[in-house]
Structure formats: C-alpha cells, structure tokens
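This is what each chain is made of:
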Amino acid sequence: MARNNELWLSGNEAIALGAFEAGVKVASGYPGTPSTEILENLSKYEGVYTEWAPNEKVGIEVAIGSSFAGVRVLSTMKHVGMNVAADPLFTASYTGGRAGLVIINADDPEMHSSQNEQDNRNYAFAAKVPMLEPSDPAEAKEFVKLAFDISEEFDVPVIVRTTTRIAHVKGLVAEGEMLKSGVEPGIEKMPAKFVMLPGNARNRRKVIAERQQKLETFAETFAYNKIEMADVKIGIITSGISYLYVKEAFPEASVLKLGMVYPFPKLMISDFASKVDELFIVEELDPFIETHVKAMGIKCTGKEIVPAIGELNSFILKKAFQKESPALFSPEELPLRPPNMCAGCPHRGLFYSLKKLKVFVSGDIGCYTLGFLPPLSAMDSCVCMGASIGIAHGMEKALGLEAKGKVVAVLGDSTFFHSGLTGLVNVVYNKGCSTVVILDNRITGMTGHQHNPASGQTLMGEPTHSIDIKNLCHALGVKHVVEVNPHHLGETETALKEAIEFDGPSVVITKSPCVLLPEEKRRVKQPYTIDPKSCTGCKSCLRLGCPALNWVPVTEQQARELGFKEKQKGYTRISEMCNGCGQCAQLCKFEAITRAGEESA
Ligand code: SF4
Ligand code: SF4
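Let me begin by describing the structure that accompanies this report. If you're wondering where the values come from, they're calculated on a predicted model, not measured in any experiment. Residue numbers run consecutively from 1 along every chain, following the written order of its sequence. To read the labels, note that chains go from A and ligands from 1, taken in the order they are written. Thresholds applied to this predicted model are a pLDDT of at least 70 for local features of residues and 80 or more for the giving and counting of side-chain atom pairs; totals over whole chains, interfaces and linings are not thresholded and use all residues. For the side-chain quantities, the full set of heavy atoms in the structure was used; hydrogens and water were omitted.

1. Notes on unusual backbone geometry
Here is step 1: Following Thr33, the chain continues to Pro34 via a peptide bond in cis, the omega torsion being 15°.
Here is step 2: Under the scheme used here, helices are H or I runs from DSSP no shorter than 4 residues and strands are E runs no shorter than 2 residues, and both carry numbers assigned from the N terminus. Checked against the element boundaries, Pro34 lands in the loop between β2 (26–29) and α2 (37–42).
Here is step 3: A cis amide bond links Tyr262 to the next residue, Pro263, at an omega of -10°.
Here is step 4: Among the structural elements, Pro263 can be located in the loop between β12 (260–262) and α11 (266–275).
Here is step 5: Of note in the backbone geometry, His449 takes a positive phi value of approximately 75° without being a glycine.
Here is step 6: Among the structural elements, His449 can be located in the loop between β16 (435–440) and α17 (469–476).
Here is step 7: Of note in the backbone geometry, Lys567 takes a positive phi value of approximately 75° without being a glycine.
Here is step 8: Relative to the helices and strands, Lys567 resides in the loop between α20 (556–561) and β21 (570–574).
Here is step 9: For Lys567, a relative accessible area of 70% translates into the label exposed. Type-normalised accessible area, obtained with a 1.4 Å probe on protein chains alone, sets the label of each residue: buried when under 20%, exposed when over 50%, and partly exposed for intermediate values.

2. Things to note about the pairing of strand β11 (residues 253–258)
Here is step 1: Of all 6 residues in β11, 6 are buried; the element is thus mostly enclosed.
Here is step 2: Burial along β11 is two-sided: the face carrying Ala253, Val255 and Lys257 and the face carrying Ser254, Leu256 and Leu258 are both buried.
Here is step 3: Here strand β9 (residues 226–228) pairs with β11 via 3 bridges, running antiparallel. Directly across from Glu228, in β11, lies its bridge partner Val255.
Here is step 4: Two strands pair when backbone bridges link them, and strand β10 (residues 231–239) and β11 are joined in this way by 6 bridges, in the parallel orientation. One requirement defines pairing of two strands: DSSP has to find at least two bridges between them.

3. Comments concerning the environment of Thr301
Here is step 1: Take Thr301: it is sitting in the loop between α12 (288–295) and α13 (314–320).
Here is step 2: C-alpha of Thr301 to C-alpha of Glu278: the two residues are 23 residues apart in sequence and 8.3 Å apart in space.
Here is step 3: The contact criterion used is simple: two residues touch if any of their non-hydrogen atoms lie within 4.5 Å. When near neighbours in sequence (up to four residues on either side) are disregarded, Thr301 contacts Leu279, Phe280 and Ile281.

4. Concerning the site of ligand 2
Here is step 1: Ligand 2 sits among 13 residues. The nearest are Cys546, Cys578, Cys581, Gly582 and Cys584.
Here is step 2: Residue polarity is assigned by list, with Asp, Glu, Lys and Arg as charged and Ala, Val, Leu, Ile, Met, Phe, Trp, Tyr, Cys and Pro as nonpolar; anything else, Gly included, falls into the polar class. Tallied by class, the residues present in the shell around ligand 2 amount to 9 nonpolar, 4 polar and no charged. Throughout, near means a residue has at least one heavy atom within 4 Å of the molecule or strand.

5. Details of the side chain of Asp413
Here is step 1: Looking at the element boundaries, Asp413 is found in helix α16 (residues 413–429).
Here is step 2: As used throughout, the charge tally considers Lys and Arg to be positive and Asp and Glu to be negative, leaving His and the chain termini uncounted. The term salt bridge refers to a pairing of a side-chain nitrogen on Lys or Arg with a carboxyl oxygen on Asp or Glu at a separation within 4 Å. For the buried Asp413, no salt bridge is present, and the opposite-charge side chain at shortest range is Arg442, 5.3 Å distant.
Here is step 3: Those residues in contact with Asp413, other than ones at most four positions away along the chain, are Ile438, Leu439, Asp440, Asn441, Arg442, Ile443, Asn452 and Ile469.

Note that every value here comes from positions in space, so none of it alone points to a role or purpose.
Here you go:
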C-alpha cells in the first residue's frame with residue numbers, strides 16, 4: 001500500500017514513525033521527559049516489540065543484544081538517563097553490533113523537567129559515536145531512518161539527539177518508504193568483536209580509530225550538513241532547534257546547518273568560514289561546535305555573546321548580536337501556577353507525617369519530589385534517580401549514632417526498581433540502619449503513567465507478574481518491612497516511628513494508587529465538605545497543602561454575620577476538586593470536615 005500521507009506529528013511521534021519505517025523490531029527504554037512518548041507511540045505499530053526497562057542501562061543492554069541478534073533496535077532516554085547508560089554505550093562503541101542500533105537521547109535545556117542541564121553532545125565525542133540532530137519533526141523522522149543506515153554501514157551505535165522543543169513541537173511529517181535491514185536475524189558467534197577482554201578491546205580500539213576517519217569523510221557529503229549561502233557579511237554555524245531561531249532572527253545571513261553534530265565535516269566548515277566576513281556559532285548549552293571550530297584554528301564568535309544557559313530563541317539571538325530588538329508581540333504575563341501534588345494524592349499523607357517527625361528526608365526523583373514545597377516542606381535533598389538510599393546511608397555512616405533515627409530515604413516504586421534496589425542491598429550488606437520509605441502508587445507517575453515492574457502490566461498492554469516489593473525487601477535481608485495506607489495519617493506516623501526505632505535496616509511501603517490512574521478516576525468519589533459554622537479557622541487542615549482546600553478570608557463584619565468567634569479571620573472551604581481521601585478530616589479537631597451527605601448534626 002502506498003505510504004504518502006502527511007501527518008501532523010510531534011517530534012517524539014515522528015521518531016516513532018521513523019523507527020517503524022526503518023524496520024525496528026525491538027525497542028527498550030526508560031520513561032523520562034522529554035523522551036517518554038517515543039516508546040508509547042512505537043508500541044502502537046504492528047510488529048514492533050517495545051518495553052519499559054527498569055533503567056536506561058538495561059535499556060541499552062537490551063538494544064545491544066538485539067543488534068547482536070541481527071535485529072534493528074531503538075533505545076530511548078532523557079539526557080540524565082545517558083549517564084546511567086554510559087557504561088554499556090562506551091563499550092558498544094567498541095563492539096559495534098550486527099543490525100542497526102540507534103539511541104534517542106532527549107536533552108532538556110532550561111530544565112523544564114530535569115535536575116540538571118547537561119549537553120549530551122559531549123557523549124558522542126567521548127564515546128566516539130556519530131550523533132545526528134534534527135531541527136523539526138520531519139527531520140526527526142528522516143534522521144532516525146538515516147541513523148540506522150549509518151549504524152549498519154559503519155558498525156557503530158548512532159545517537160539521535162533531540163531537545164525538549166523538538167520532542168514536543170508539532171509539524172507536518174510525510175509517511176515514507178518502509179526500509180529493511182540487510183542483516184539476517186540469527187545467532188552468530190563473533191568473539192573477537194563481542195568479547196571485550198583487553199586483548200580484543202585493544203584491537204577494536206584501532207578499528208574505532210579507522211571508523212572515525214571514515215565517519216569524518218562521510219560527514220563531508222552527508223546531505224543534511226548543508227551550506228545556505230546568502231549575505232556573506234555574517235556566517236553562522238548552527239544545528240538542531242537553534243537553526244530555526246537563526247533563520248528567524250537573521251534571514252539574510254549565510255548558514256552552515258549541521259545535521260550531523262559529530263563527527264564534524266572539517267573541510268565544509270573551513271570552506272564556509274573562508275567565504276564569510278565574520279563567523280558565529282549559535283548553539284544551545286555548551287560551546288560544543290565552537291570548541292571544535294576554534295581547535296581547527298578558525299576564528300569565530302560563540303559563547304562570548306550567545307548564552308550558554310537555558311534555551312535560546314530568536315529574540316535572545318537578536319539581542320545577543322546587538323541587532324534591533326523587534327517590536328513584535330510581547331506575551332502577557334500569566335499568573336504563576338506553582339506545581340502541587342494532586343488533591344487526594346497519597347504522597348501528601350506520608351510527607352505530612354514525615355514533617356511531624358522532624359527527620360532529614362533524603363528524597364529522590366519523581367512526582368513526590370513536590371513534597372519539598374511548602375506547606376509540607378518535607379524533603380531535604382534530591383540528587384538523581386535512586387540516590388536517596390545511598391545518601392541516607394552515607395549520612396548515617398558519617399555521623400554514626402548521631403544520625404540514628406534522624407534520616408529517612410524516600411523514593412517511588414519505579415525509582416526503587418530503576419536504581420534504588422542496589423542502594424538497599426548496600427545498606428543491608430554494609431550493616432546500615434537506614435529507614436527507607438517506598439511510595440508504591442502502582443505506576444511511574446511523573447512521566448505520565450508508565451508501567452513498571454510492580455504494575456503487573458507491560459508497555460505492550462499485556463498482564464505480567466507484579467514484583468512484590470515487600471517480599472523483595474525481605475529477600476534482600478531487611479527484617480523490618482511494613483506496608484501502610486498513607487491516607488491513614490495516624491497509622492503512617494506510627495509505622496514510621498517504629499521503622500526509625502528499629503535496630504537495623506527498615507522499609508515502610510506506602511501503598512495507595514495514584515489518583516490520576518484511569519480506574520481511580522472512574523471510581524465514584526465521596527468528597528468531603530466543611531461546615532463553616534463548625535470551622536474555627538485554625539488552619540490545621542491547610543498544613544496538608546491540598547489544592548481542594550481553600551482559605552476564605554472574612555472581614556470583622558462578615559465574621560459577626562456568620563456567627564464566628566471574635567477575631568476569626570476566615571474559614572476553610574473544600575472545592576469540587578476533592579477526591580475524598582479523608583486526610584484533612586483527620587486533622588480537624590472540631591469535626592468541621594465530614595463526607596458530603598454525612599454532615600454532622
Ligand atoms: S476545617 Fe477544621 S482544621 Fe480546617 S480550618 Fe476549619 S477548624 Fe481548622
Ligand atoms: S478529603 Fe481533604 S485532603 Fe483529601 S482531597 Fe478532599 S479536601 Fe483534599
């Protein structure tokens with residue numbers, strides 16, 4: 001059937017289509033904004049096996065295995081996931097594979113949803129693998145297909161780098177030809193290539209050096225490295241989303257657009273530089289292209305004027321180049337909408353209880369990181385995926401008895417499987433006494449509800465074994481493991497106290513599903529309500545920070561009219577957002593909060 005439809009796709013949807021058209025049969029990755037939707041979309045295509053791996057390292061290892069087996073494979077991750085996956089990636093550069101292996105790496109300039117702002121173009125340089133960088137969804141699709149060809153032609157994993165703007169922006173993408181790998185699937189033993197003992201690795205190191213030369217030559221003729229000559233007063237070398245900003249800000253300038261950001265087309269760069277009066281480099285984040293151009297002895301201007309922090313746009317570029325700022329549209333200031341846990345979120349009960357205990361909370365990456373925000377303010381550190389347990393253990397080992405019972409590690413179920421497990425193994429093995437709280441809400445919440453090893457369902461929508469976290473912790477040697485419903489505040493506080501006091505490692509599993517799960521949304525809610533006549537305005541319930549609880553201030557006259565006590569400044573009201581969790585009702589000593597329809601007399 002002819003494939004000539006034009007589709008309106010996001011960059012991530014286009015990448016999934018590109019992988020499908022490239023003949024990908026296996027895909028493995030870990031969810032992480034802005035890359036998550038790639039595998040979710042790819043899972044909808046017939047004949048492609050997709051999975052959520054417990055972390056990015058496993059995802060790339062699965063990809064290496066599929067490539068060894070002669071099957072085209074995709075692995076996806078956000079930029080920080082590449083740090084986890086770097087170990088297998090660097091050696092996969094040595095082994096190569098058989099069928100094409102392409103890694104999608106999504107960077108997040110401006111840190112819209114990330115804990116740092118690293119520039120993963122540096123990984124391509126360090127691992128000696130090619131990297132392509134599309135400028136729009138149509139290129140994203142094409143580049144994925146090209147990446148598979150490059151991977152097989154040069155026997156190398158290829159990284160396609162996107163950024164948040166490319167991943168989430170929508171554009172027209174034409175369906176294209178279905179490709180097929182020239183490699184036959186099957187098991188082939190190639191020990192000199194696949195077994196990286198030092199003797200073999202030294203030989204492969206030479207192969208990589210030769211490959212690098214060939215890739216540099218290839219970059220000179222790669223069709224998406226292209227020069228667009230115009231006014232020669234200004235020449236700009238750029239790539240990715242920055243290309244669009246350059247075209248918008250300086251339509252008159254000559255441009256060298258790099259579709260392959262590593263390795264560099266050195267001859268093309270020299271040629272372009274020689275044709276323009278002044279050379280500029282426009283790129284987000286690190287001076288990656290700039291450093292290499294300067295290393296070639298070519299005079300250029302880059303980070304001296306172009307910001308190295310955050311995202312760029314055409315306005316920033318105009319200002320950076322000190323051209324007139326266009327008096328175009330200036331966006332209205334929108335009211336701030338600070339992030340908050342949802343009404344009825346089970347994590348709220350846990351953080352409320354932790355705050356009462358005044359412990360140091362070693363937190364982790366997930367929607368529960370919002371426990372940091374006031375009024376809960378119950379998270380004291382958060383570094384990277386799975387780090388909470390190691391950090392808590394390190395504090396205890398550093399301070400000895402002084403830290404006993406004063407540090408609690410908190411992480412979600414998905415994060416526990418990602419890289420918290422090994423931290424807990426370390427606590428048990430090295431005779432630590434950390435208390436670890438695992439927030440088991442049955443899903444990977446922050447990235448939009450991806451299944452994980454405890455969910456009982458795969459990315460393909462099939463039921464599977466749900467790993468029992470309680471039994472797993474017992475099997476690791478943790479003697480004190482309890483499950484608790486975090487909506488029951490008293491029970492939760494008692495469970496935490498007992499765990500903290502336990503002489504040895506302890507685990508508290510807070511078990512309650514995310515309120516945004518479809519089955520939870522379908523559940524008939526029994527919302528709560530507040531009787532203003534009973535409310536004394538003490539604000540105890542507001543300490544939960546539930547967005548369904550609103551403070552209504554009153555004037556002295558209104559207070560008198562409402563029959564309030566003298567000096568009562570207002571009362572609390574519950575909005576229709578209430579999910580009926582009942583946490584606030586447990587905090588009201590005046591019994592002002594009751595289930596709607598069960599109001600106290
Ligand atoms: S509802 Fe209860 S806890 Fe909340 S402000 Fe009123 S009296 Fe205090
Ligand atoms: S019961 Fe209270 S805490 Fe729970 S969702 Fe409703 S208003 Fe929020």
